[in-house]
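# Survey of secondary and tertiary structure
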Amino acid sequence: MMTMIPRALIVILVSLCLTAALAQAPQATKSFSDPVRKISFDYPENFTLVKPGEQPELESADAIFGTPDEKFVAQVRMPEDGYPGTDFKMATLTVTVETKTPPVPCLDWARVHDELTGRDARVDAIPFRRVEDGSGAAGTQYSDITYYGYANQTCYGIRLRLVTGGLGNIECIKAVDYTAVMTRLGSILATVKLRQNAVKARP
C-alpha cells in the first residue's frame, strides 16, 4: 500500500531543494575590459566598479607603485553592508599600471617587500610576486595582498585590500572573517586576463 506524504512535508522538502539550488547557483557577474592596458576581469554584479576619472581622489590614495608614471586602471568595491555586525568597513580590488621596458624596475619593486611574506604567484599564467602587508592608524586597519607582475611591456599592480574599523574590542561587534573577504576578492583575481588584445571576459 502506497504511503501518503503529508502536504506540509512536501512543501518543506521543496523549499529546502530550492534553497540548496539557489545556494549553488553561480553569482551574476559583470565584466571590465581595458584594451589599452590589455587587462580584463569579471566581478560580482552587486560590487561597484570605479573607472579612471570617476573618483579622482582614489587615484592618488590607492597608488601601488607610488611613481609619477603610474596609471589608475580600475577599482572594484564590495558592498558596505556585506558583513553586518562586524568591524568591516571596506574591501576593494585595485589595478594600476606603469609602462616599463625592461621589466626589472617592476619586479625589483616587489622584491623590496619580500620581508613582508613575499612569494611567487601567477595571474593568467604569468609570473607575479605576491606580497602581504598591513597597517593601522586612528582606529582603522588595512590588510593588503598585492600582486606585482610584468606583461605587455607593462608593470601591473593588483591589490586586494580589507579595511576594518576599531581595534576588535568594541561591544557587539566581531572581527570580520579575513579569509572569507580575501577569498571573495580572490575570485575576481582568478578571472583576470592579460592579453595583447584584451576583450571582455566571458560571463
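Residues numbered from 1 in each chain as written. Predicted model: local features only at pLDDT ≥ 70, side-chain atom pairs only at ≥ 80, totals over all residues. Heavy atoms only, no water.

### A few points about the overall build of the chain
When helices and strands are counted, the chain shows 4 helices and 10 strands. Ordering the α and β elements of the chain from the N terminus gives α-β-β-β-α-β-β-α-β-β-β-β-α-β. Per-residue burial for the chain yields a buried fraction of 40% across its 203 residues. Restricting to contacts in the chain with at least 6 residues of sequence separation, those with at least 24 account for 60%. (Helix = DSSP H or I, 4+ residues; strand = E, 2+ residues; numbered from the N terminus. Buried < 20%, exposed > 50% of the residue type's maximum accessible area, 1.4 Å probe, protein only. Contact = heavy atoms within 4.5 Å.)

### Thoughts on the side chain of R129
Mapped onto the elements, R129 comes out in strand 7 (residues 126-137). Here R129 falls in the buried class, since its relative accessible area comes to 18%.

### Thoughts on the packing of aromatic side chains
Per the counting criterion, the structure on display carries 4 aromatic pairs. Ring geometry for F32 versus F41: centroids 5.0 Å apart, planes at 35°, classification tilted. Overall, F41 belongs to the buried group, its relative accessible area being 0%. Each ring, one from Y83 and one from F88, has its centre 5.3 Å from the other, and the planes form 50°; the classification is tilted. (Phe/Tyr/Trp six-rings, centres within 6.5 Å; stacked < 30°, edge-to-face > 60°.)

### Considerations on the environment of Y43
Relative to the helices and strands, Y43 is located in strand 2 (residues 39-44). The exposure class assigned to Y43 is buried, which follows from its relative accessible area of 6%. Along the chain, Y43 and L93 lie 50 residues apart, while their C-alpha atoms are 9.8 Å from each other.

### Some words on the confidence of the model for the chain
When pLDDT is averaged along the chain, the result is 78, and 69% of the positions lie at 70 or above. Within the chain, strand 2 carries the highest mean pLDDT (96), whereas helix 1 (residues 7-24) carries the lowest (45). Counting contacts from residues 9-24, a segment whose pLDDT is below 50, to residues more than four positions away or on other chains yields 1 contact. In the model, residues 199-203 has pLDDT below 50 throughout and makes 11 contacts with residues more than four positions away in sequence or in other chains. (pLDDT = per-residue confidence, 0-100.)

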